[in-house]
Amino acid sequence: MAEAKKRALITGITGQDGGHLAELLNEKGYEIFGIIRGQHNPKREATESEFPYVTLIEADLTDASSLVRAMQLAKPDEVYNLGAISHVGYSFKDPMLTSDVTGKGVLNMLEAIRLTDTENKVRFYQASTSEMYGGLEYNRPKNGYTEEATFHPRSPYGVAKLYGYWITRNYRESYNMFAVSGILFNHEGDRRGIEFVTRKITNAVARIKLGLQDHVELGDLWPKRDWGYAGDYVEGMWRMLQQDVPKDYVLATGETHSIEEFLDTAFKHVGIDDWKPYVKQNPAFMRPAEVDVLLGDPTKAEKELGWKRKVDFPGLVKLMVDHDLAIESTKL
Ligand code: NAP
C-alpha cells in the first residue's frame, strides 16, 4: 500500500519564506495547507494561482480559536510558523501589534497544537531570528553567533521573537513536544518584500539602470548583515523537523557584509562603478536603535543537518538585480 502523504501547515504562506517552503514541500510530495489572514487578502489570488497545490485556510495568529480550527482542518504532521510582523523598522511603529503577532502568536499556535494533537506527534518549527542577538560589541563572538550566544534584542521585533523562541523551548521542555527554533540570519531573494532594504536596493538599481528613477533613499549604510538566499534556508527548516531529537539551529553563511557593500555589488552588476551619486540618506529610514553587526556560525547545522548554503553573497545580489531588471523592463 502506498504511504500516506505527509501533511504540512504553513503560517505566513503569502510571505517570502512561505513561498519557497511551499515549493520545496510540494517537490517532496507533501499535502500542504497555508494560513491566509484577512476577510479579503489582496495576495490571495496570486497565491492561489502560484501555488494551486496549497489549500488555503483563513486564520490569524492573534486568534487562537482560528488556529485550533486550522489544525482540525489540516491535521498536519508538521507545522511551520513563519507568520509574523517581520520588518524590524515597522516594529518600532507598531510595537504592540508586533508583540501580539510575532510574540504571542507563537503561543497561540503552540496551544492550538497542544489542544488538538492528542498523540503529541506534530512537529513544530518556529521562525526565530538573528535579530534576537542584537549585534552589540559586548555579546558578539569573534567567529559569529552560535546557538549558545547571549541575546540582547534591539527592536520590538527582536523582543517579540525572543518571546517566541523561549515559549517554543518551554513547550518542548514542559510538554515533550517536538518544537524547535531555526535561528536564521537574514535571507533574501526574488520573493523578498519591497519594504526590505536589499530588495529596495535591487529594485532601485534596476530602475536607475533603465532610466525609470534617478536615486534611492536609504537609512544607515554601515550596518553589516549575514545575508543568504531564502531558497537555501527553507531546506534547513525542513531538515530540522526530520531529526530524531528536537534541537535549535543557527542557519547563516558565516560571512558579513555592509549595506554599502551590497550597494557596490548591485550597482557594479549593471555597469555603474560609483553608487554614491544615486543614494541619498534619509533619517526617516533610520531606526531608534540599530543592530551593528550580525554574523552567524552555522557549524552545528552543517555538522548535524548536513545543511550548507549554496548561493554566495555576489550570487545573491546578482540574482535579485536580474529579477528586478526583468520585471522593471516590462514597464518601459
Ligand atoms: P514576510 O515575507 O514578511 O512574511 C510574513 C508573513 O506573515 C506573511 O505571509 C504575512 O501575511 C504573515 N502574517 C502577518 N501577520 C499575520 C497574522 N496576524 N496572522 C497570520 N499571518 C500573518 O517574512 P519572511 O521573510 O517570509 O520570513 C518568514 C519568517 O521568518 C518570519 O517570521 C520572519 O520574522 C522570520 N525571519 C525572517 C528572516 C529573513 O531574513 N527573511 C530572518 C529570520 C527570521 P500577509 O501577507 O497577509 O501580510
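Residues numbered from 1 in each chain as written. Predicted model: local features only at pLDDT ≥ 70, side-chain atom pairs only at ≥ 80, totals over all residues. Heavy atoms only, no water.

Draft legend 1. How the structure looks around the environment of Tyr249. You can see Tyr249 is positioned in strand E11 (residues 249-251). With relative accessibility at 1%, the residue Tyr249 sits in the buried group. C-alpha separation for the pair Tyr249 and Gly182, spaced 67 residues apart in sequence, amounts to 5.1 Å. The contact partners of Tyr249, leaving out residues within four places of it in the chain, are Glu147, Ser181, Gly182, Ile183, Met240, Gln243, Lys300, Ala301, Glu304 and Leu305. (Helix = DSSP H or I, 4+ residues; strand = E, 2+ residues; numbered from the N terminus. Buried < 20%, exposed > 50% of the residue type's maximum accessible area, 1.4 Å probe, protein only. Contact = heavy atoms within 4.5 Å.)

Draft legend 2. Spotlight on the side chain of Asp220. For Asp220, the location among the structural elements is in the loop between strand E8 (216-218) and strand E9 (224-225). Buried Asp220, no salt bridge; nearest opposite-charge side chain is Arg287, N-O distance 7.8 Å. With sequence-adjacent residues up to four places away left out, Asp220 is seen in contact with Ile259, Gln281 and Met286. (Lys, Arg positive; Asp, Glu negative; His and termini not counted. Salt bridge = Lys/Arg side-chain N within 4 Å of Asp/Glu carboxyl O.)

Draft legend 3. Structural context of the UniProt feature "domain: NAD(P)-binding" (unreviewed entry) in the protein chain. Per the UniProt record, "domain: NAD(P)-binding" (unreviewed entry) is annotated on residues 9-320. With 41% helix and 16% strand, residues 9-320 has end C-alpha atoms that lie 28 Å from one another. (UniProt positions renumbered as here; feature names shortened; annotations may be inferred.)

Draft legend 4. A look at the packing of aromatic side chains. Overall, the coordinates contain 14 aromatic pairs when judged by the stated rule. When the ring of Tyr133 is compared with that of Phe151, the centres are 5.2 Å apart and the planes differ by 20°; the resulting orientation is stacked. One end of the pair, Tyr133, is in the loop between strand E5 (123-129) and helix H6 (156-175); the other, Phe151, is in the loop between E5 and H6, and 18 residues separate them in sequence. According to the relative accessible area criterion, Tyr133 is buried, its value standing at 0%. Ring geometry for Phe262 versus Phe313: centroids 5.9 Å apart, planes at 75°, classification edge-to-face. Within this pair, whereas Phe262 is found in helix H9 (residues 259-269), its partner Phe313 is found in helix H11 (residues 313-328), the two being separated by 51 residues in sequence. Here Phe262 and Phe313 have matching classes, each one buried. Within the aromatic cluster, the residues linked to one another by ring pairs are Tyr133, Tyr145, Phe151, Tyr165, Trp166 and Phe185. In this structure, Arg114 packs its charged tip against the face of Tyr175, placed 4.6 Å from the ring centre. (Phe/Tyr/Trp six-rings, centres within 6.5 Å; stacked < 30°, edge-to-face > 60°. Lys NZ or Arg CZ within 6 Å of the ring centre and 35° of its normal.)

Draft legend 5. View of the sheet that holds E11. The parallel open sheet is built from seven strands, whose spatial order is E3-E2-E1-E4-E5-E6-E11. Edge positions in the open sheet fall to strand E3 (54-58) and E11, since each of these has one partner strand only. For this sheet, the mean angle separating the axes of adjacent strands, direction not counted, is 25°. Pairing of strand E1 (residues 7-11) with strand E2 (residues 31-36), which is carried by five bridges, proceeds in the parallel orientation. Its bridge partner lying in E2, Arg7 is registered against Glu31. (Pairing = 2+ DSSP bridges. Axes fitted to C-alpha atoms, helices over the stretch in contact; angles between N-to-C directions.)

Draft legend 6. Layout of the pairing of E5. For E5, a buried count of six out of seven residues is recorded, marking the element as mostly surrounded by other parts of the structure. Examined bridge by bridge, strand E4 (residues 78-81) and E5 share four bridges and lie parallel to one another. The partner of Glu78 across the bridge, within E5, is Arg123. In the sheet, E5 pairs with strand E6 (residues 178-184) via seven bridges, with the strands oriented parallel. By the bridge assignment for E6, Ala127 is matched with Gly182. Read as a crossover between parallel neighbours, the route from E5 over H6 to E6 is right-handed. (Right-handed = clockwise from strand over helix to strand, strands pointing away.)

Draft legend 7. Here's a closer look at helix H5 (residues 95-116). Compared with an ideal rise of 1.5 Å per residue, which puts 22 residues at 32 Å, H5 spans 30 Å between its outermost C-alpha atoms and is within 8% of the ideal. Within H5, the axis deviates most sharply at Lys104, by approximately 45°. Of all the residues in H5, the buried ones are Thr98, Val101, Thr102, Gly103, Gly105, Val106, Leu107, Asn108, Met109, Leu110, Ala112 and Ile113. (Expected span 1.5 Å × (residues − 1). Bend = angle between axes of the 7 residues up to and from the residue.)

Draft legend 8. Representation of the UniProt feature "binding site: NADP(+)" (unreviewed entry) in the protein chain in the model. Within this numbering scheme, the UniProt entry marks His215 as carrying the feature "binding site: NADP(+)" (unreviewed entry). Assignment of secondary structure puts His215 in the loop between helix H7 (197-209) and E8. If near-sequence neighbours (up to four positions away) are discounted, His215 is found in contact with Ile208, Tyr278 and Lys280.

Draft legend 9. Up close: helix H1 (residues 16-27). Over its twelve residues, H1 extends 17 Å from the first C-alpha to the last, a length consistent with the 16 Å expected when each residue adds 1.5 Å. Counting buried positions along H1 yields nine of twelve residues, so the element is predominantly enclosed. When we look at burial in H1, the residues that qualify are Gln16, Asp17, Gly18, Gly19, His20, Leu21, Ala22, Leu24 and Leu25. Gly29 occupies a position one or two residues after H1 and carries a positive phi of about 85°.

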